[in-house]
Amino acid sequence: MNETIYLLYILSFVLGSLLGLVLSYRKYKAPYALGKIDMIALVLAVVGWSLVLNSILITFIPTYITITIGIFLLSMVLGMRPGYGRNETFIGIIVAGIIWITRTVIL
């Protein structure tokens, strides 16, 4: 069963990366981002990293499903055109880390 779950994670990452690359090439025409933060990519990164790191908080859905969805969302941001999505990814990791630390201290 574990091999199937890992395969699901890998497929989710690959599909998210490809979709993120295609969407970013359609959306952005400039070769490099100069300090602009895309709000859609920011939301995807925060939700994706939060689902991956804090999947145990959602008790009514199995953890492998929430992790798969989170990997798909964060890989859309990670797979964007070069130079795009790095600030959003960093902010997403910070927010998810703060939630994880808060959850660890409270529980």
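Throughout what follows, the structure given in this document is the object of discussion. (Residues numbered from 1 in each chain as written. Predicted model: local features only at pLDDT ≥ 70, side-chain atom pairs only at ≥ 80, totals over all residues. Heavy atoms only, no water.)

Here we come to the overall build of the protein. Across its full length, the protein carries four helices and zero strands. Along the protein, from the amino end to the carboxyl end, the secondary structure elements read α-α-α-α. Each of the three principal axes of the protein carries a C-alpha extent, and together these read 45 × 30 × 15 Å. Put simply, 79% of the contacts in the protein that link residues at least 6 apart link residues at least 24 apart. In the structure as shown, the protein presents an accessible area of about 6900 Å², 78% of it carried by carbon and sulfur atoms. (Helix = DSSP H or I, 4+ residues; strand = E, 2+ residues; numbered from the N terminus. Contact = heavy atoms within 4.5 Å. Areas by Shrake-Rupley, 256 points an atom, 1.4 Å probe, with all protein chains shown as cover.)

What follows deals with the pattern of salt bridges. Evaluated as defined, the whole model comprises one salt bridge. For K27, the salt bridge is made with D38, and the minimal N-O distance between the two is 2.9 Å. In this pair, K27 is assigned in helix α1 (residues 2–27) and D38 in the loop between α1 and α2 (39–53), connecting sequence segments eleven residues apart. Overall, K27 belongs to the partly exposed group, its relative accessible area being 44%. Overall, the relative accessible area of 14% leaves D38 in the buried class. (Salt bridge = Lys/Arg side-chain N within 4 Å of Asp/Glu carboxyl O. Buried < 20%, exposed > 50% of the residue type's maximum accessible area, 1.4 Å probe, protein only.)

Here we come to a nonpolar patch on the surface. A cluster of nonpolar side chains, contributed by I56, L57, V95, I99, I106 and L107, occupies part of the molecular surface with about 590 Å² of accessible area. The residue L107 is located in the segment after α4 (86–106) in this model. Overall, the relative accessible area of 77% leaves L107 in the exposed class. (Patch = residues over 30% accessible without salt bridge, like charges linked within 9 Å, V, L, I, M, F, W, Y side chains within 5 Å.)

Residue pairs three or four apart in sequence face the same way in an α-helix, which turns once every 3.6 residues. In a regular helix each residue adds 1.5 Å, so 26 residues correspond to 38 Å; α1 covers 37 Å between its end C-alpha atoms and thus fits that length. For α1, every residue scored as buried is listed here: I5, Y9, S12, G16, S17, G20 and S24. Structurally, α1 contributes buried residues whose contacts are with α3 (63–78). (Expected span 1.5 Å × (residues − 1).)

Right, let's get into the environment of T66. By the element assignment, T66 lies in helix α3. Residue class for T66 comes out buried when judged on its relative accessible area of 3%. Along the sequence, T66 and L51 sit 15 residues apart, while their C-alpha atoms lie 5.9 Å from each other. Sequence-distant contacts of T66, defined by excluding residues within four places in its chain, comprise L51, S55, I58 and I61.

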